[in-house]
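Structural overview
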Amino acid sequence: QVQLVESGGGLVQAGGSLRLSCVASGRTFSTFALGWFRQAPGKEREFVAAINWSGGSTSYGDSVKGRFTISRDNAKKTVYLQMNSLKPEDTADYFCAATSAQHNRWFSSREDEYRYWGQGTRVTVSS
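Keep in mind the model is a prediction, meaning the values are calculated, not measured.

1. Some points on the overall build of the chain
A count of helical and extended segments in the chain gives zero helices and eleven strands. Its helices and strands taken in sequence order, the chain reads β-β-β-β-β-β-β-β-β-β-β from the N to the C terminus. For 127 residues, the compact-globule formula gives about 14 Å, and the C-alpha radius of gyration of the chain, at 13 Å, lands near that figure. Principal-axis analysis of the C-alpha atoms gives the chain an extent of 40 × 25 × 25 Å.

2. Let's talk about the state of the cysteines
Throughout the structure, instances matching the rule amount to one disulfide. The disulfide that involves C22 links it to C96, with 1.9 Å between the sulfurs. One disulfide, between C22 and C96, carries an S-S torsion of 50 degrees and so falls in the right-handed class. Separated by 74 residues along the polypeptide, C22 in strand β3 (residues 18–25) and C96 in strand β9 (residues 92–100) bring together distant segments of the chain. Here C22 and C96 have matching classes, each one buried.

Rules of the game
- Residues numbered from 1 in each chain as written.
- Predicted model: local features only at pLDDT ≥ 70, side-chain atom pairs only at ≥ 80, totals over all residues.
- Heavy atoms only, no water.
- Helix = DSSP H or I, 4+ residues; strand = E, 2+ residues; numbered from the N terminus.
- Rg over C-alpha atoms; globule rule 2.2 N^0.38 Å.
- Disulfide = S-S within 2.5 Å.
- Buried < 20%, exposed > 50% of the residue type's maximum accessible area, 1.4 Å probe, protein only.

Written out as structure tokens, the structure is:
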């Protein structure tokens, strides 16, 4: 069983930045596709970002495109989410997710494509 642990959440003013980290353990990491999702109070979980094995392919939700960047360090078994120009509507619990990829180009924006999930880290953006 793969374990994912997020960190880096906190309180930040609008316009500020945070970097979230997610460290994986339990099995090989390099062939995982990775994603970030978030869930705001009273709302469904939504896609934020995803990245393939090599980091050469990424995808972002429309609401964060141009502001957030996903990256990975396979040696550290860590995926990052750099969040810039934060807005109050970015307030949510952020979850990292991982799954064994079909091939090195694969990634997904679908929740049901990910097998492993972290516990979440809370991001609060104030005005």
